[in-house]
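A closer look at the structure
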Amino acid sequence: MLVSYKWLQEFVEIDISPRELADRLTLAGVTVEGVKEVGAGVSKVLTGKIEAINRHPNADKLVITTVDVGTEKLQIITAATNVNVGDIIPVAVEGAKLASGLVIKRAKLRGVESRGMMCSGQELGIDPKTMSTEQAEGIMILPPTTPIGKDAKEILGLDDYILELDLTPNRGDCLSIIGVAREIAALLGRPFSPPQPTLRELEERIDEQVNVDIADPDLCHRFVGRLIKNVQVASSPLWMQQRLRAAGMRPINNIVDVTNYVMLELGQPMHAFDYNLLQDGHIIVRRVRAGEKIVTLDGVERALTPGMLAITDPSGPIAIAGVMGGQATEVTEKTNSILLESAFFNPISVRRTSKALGLRSEASLRFEKGIDIGGCARAADRAAQLIVEMGCGEAVAGRVDKLPEKIKERVIQFRPSRASYVLGVDIAGEIARDILTSLQFKVRDGGEDLLVTVPTHRSDVSLEVDLIEEVARMYGYDKAPVTLPSGGVSGGTKTREQIYTAHAGNELAAGGFFEVMTYSFVHPRVFDLMNLPIDSPYRNTLKLQNPLSEEHGVMRTMLLPCLMEVLVRNHNRRVQNGAIFEVGRVFVNRGLDTQPEEKTTLAAAAMGCTPGSWNVSPTAYDYYHLKGVLENLFTVLHTVPVKFRPESANPSFHPGRTAVLEAGGRRLGILGELHPDVLENYDLPVKVTAFELDFDRLLALSGRPADFIPLPKYPAIERDLAILVKKDILADHILATIKKAGGKLLNAVSLFDIYRGEQVPEGMQSMAFSLLFQASDRTLTDAEAVEKTSAVAEALAKKFGAELRS
């Protein structure tokens, strides 16, 4: 928001410098980002009138002009093509300085003396965006009524300062000159004098000529219309153009400029319709219907969607409410009657519409932040007043004012004692009353407290703490005493889930895995890549309404596809060995009206081999490697015993190299080598082994108290047992039988060899186990060890038909 220092002075007396004013406003919560002197560096530029133009004798593209600057007539040579005899222009005389730092001196051009320079707007430091191309790059032509010999800085409003405000979203009331002036009046303790529109009106009334219907009052809370006849569209006065340029807007014509001027002055966006182009003079404010389109003022045809709010006549949309007008009812040089619109539209509706259409404007910005619903009629009257005073139109008597619901007063109880407690500063009730009154709040006594009526321009004030903030910022934050913070100090602690997540991450990292973090959003095709059937529950995803891209259209239901993308990306960059893991959330769809279930999942995937060195050979990241990593993890987490059951039905994994993990009678997850079809789908030429566990369930089965086992006092006896069994018998089943047959004296058992070859019959395999026998109360004898080993052999022979190998 750009604010003119001189414009502010029309409504409040300011006796401090612009920079001091900026500091005071910033301390009061209205942040001023910077202060700019408009005509900085410009001096000795006067207004002059061209009295004669003659050809240059030595140059075809130069002319010799005679310019009257009041005190003398100067001969000036120029190449400008847009000047004529009688034009009034800004003239830089000898010794003048321009915005670029150029100093004007007397000079000879092709043998003819020139005693000055005609100036363009850009040379005077005026933003070229606020002028026509001819005015910015060619000589600036001033109105014919401009006095001659005056300082051009004063005439063009260049003797001004511009305050650039950086407003917070709740301070829509300061998106206007009077809004800022109101703040300044309260800060400086000066009277505030907002404009009070009064105007001459014709005898004919508007009631019989304009009809307004609000079909959707939830989106349009008020609509005020003013009818102006005998309109003459032309350029606006120089003073109005200066004000618009100071605010960064380009003057267009007197009617459009008036609507923009009122928006800047009062904060009320306005629009002017060509009344003769309105069907039956009937305005209908309603939601858009399916298939409706409009060509906006920028010449673009835009398809509207149901839910957007439009201003229409019986033939269809003529404007997008709060965003932009339509070309069909645009004010042109042929316009002789206009209907001024001043309305209050739902801020959320305007925001959604402007975002959907990609149209942001000064008007939509103000509607989004919330305007003064009580000021709509005043703004319409002010615009009509300016048009009448400029002599470019006549106002029809009365106005159309549709207000579907009466404006409700907001009364808040303000407790001075509460304000002092919250702020830590003792502020008397009278001081608080004076501050609130200076901000145009109505204050009356309510016993020990104050009853404050909030003005309609302060839509951001709804609670007592809002009033306390108003008092604090005007009283001065700098007046609060400096104190050290006090209070109890408590140490932060991690939750059980955080502790175990950290343990899991540390264990996997120690095992050579790198942690990754991937998006929770995936493309639906990842389930095809993972070979999942159409009826797989993993395909029941939650779709996003506004995805970041097509690649991230649904919430993930499993982590492995995300890890596979990481491996593929690395392999394509010649990283052929690697192991990664992630602890993240997956999202289970439970229907449109129910929040999805969020489950924490632990997944890992590995390809290639472990790193090797001169004395350590690389080891393949196969099923057994990841199984060992998981067993170490379960040990660290003190998980209940976990069993690995063969799995052949999962279409994402290799049917002969996959296991389901079970613990406590519940399924934990899956571990195995990914199916070759999955690797082919991902175009990955190396084997990948992976696991995915329900981490929430793992935590529920972990954390058992550690059992203390004292160091043994008596020696152990180790025996090896080699047997022949069928190939389809699982080692896990054999180990369970050995442990049962060995009884309490069997301290440990492990499988250390599997052999399938020439000396083993077809369909059989040799398995060798190491058995460790030990007693806690005595030294075992060889006879006892032999007896227990024989018992184990008999049990294996009986259950599996195992034969001892010599």
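Residues numbered from 1 in each chain as written. Predicted model: local features only at pLDDT ≥ 70, side-chain atom pairs only at ≥ 80, totals over all residues. Heavy atoms only, no water.

**A few points about the sheet that holds strand 3 (residues 43-55)**
Hydrogen bonds along the backbone pair up the strands of a sheet, which may run parallel or antiparallel. Strand order in the open sheet formed by five strands is 5-4-3-6-9, with antiparallel pairing between adjacent strands. In this open sheet, the two edge strands, each paired with only one partner strand, are strand 5 (73-78) and strand 9 (116-118). Between one strand axis and the next, the sheet turns by 45° as a mean value, whatever way the strands run. The pairing of strand 3 with strand 4 (residues 63-68) spans six bridges and is classified as antiparallel. Each residue of the ladder has a partner; that of lysine 49, found in strand 4, is aspartate 68. (Pairing = 2+ DSSP bridges. Helix = DSSP H or I, 4+ residues; strand = E, 2+ residues; numbered from the N terminus. Axes fitted to C-alpha atoms, helices over the stretch in contact; angles between N-to-C directions.)

**A few points about the packing of aromatic side chains**
Counting across every chain of the model gives seven aromatic pairs. Grouped by ring-pair contacts, the aromatic residues Trp7, Trp239 and Tyr261 constitute a single cluster. Note that arginine 496 overlies the ring of tyrosine 500, its terminal NZ or CZ placed 4.6 Å from the centroid. Lying over the aromatic face of phenylalanine 644, lysine 627 brings its terminal NZ or CZ to 4.7 Å of the ring centre. (Phe/Tyr/Trp six-rings, centres within 6.5 Å; stacked < 30°, edge-to-face > 60°. Lys NZ or Arg CZ within 6 Å of the ring centre and 35° of its normal.)

**Considering the sheet that holds strand 10 (residues 161-165)**
Taken together, three strands build an open sheet; the order of strands is 1-10-2 and the sheet is antiparallel. One side of each edge strand has no neighbouring strand; the edge strands of this open sheet are strand 1 (2-4) and strand 2 (32-37). Neighbouring strand axes in the sheet, compared pairwise and without regard to direction, differ in orientation by 25° on average. Sheet topology places strand 2 next to strand 10; five bridges connect them, and they run antiparallel. By the bridge assignment for strand 10, valine 35 is matched with leucine 163.

**Describing unusual backbone geometry**
Its identity as a non-glycine residue notwithstanding, asparagine 230 has a phi of 55°, on the positive side. Tracing the sequence through the fold places asparagine 230 in the loop between strand 13 (220-229) and helix 6 (238-246).

**Description of empty space enclosed by the protein**
Counted under the stated rule, the structure contains two cavities of 30 Å³ or more. Quantified by volume, the largest cavity comes out at close to 150 Å³. What lines the largest cavity is a set of 16 residues, and nearest its centre among them are Asp173, Leu266, Gly267, Asp372 and His457. Looking at the lining of the largest cavity residue by residue, the classes come out as four nonpolar, seven polar and five charged. There is about 30 Å³ of room inside the second largest cavity. Asn170, Gly172, Asp173, Lys369, Gly370, His457, Ser459 and Asp460 are the residues that line the second largest cavity. (1 Å grid on protein atoms, 1.4 Å probe; cavity = no way out; pocket = protein on both sides within 12 Å on 5 of 7 lines; lining within 4 Å. Points joined across faces, edges and corners; volume = space filled by probe spheres on them. Nonpolar A, V, L, I, M, F, W, Y, C, P; charged D, E, K, R; others polar.)

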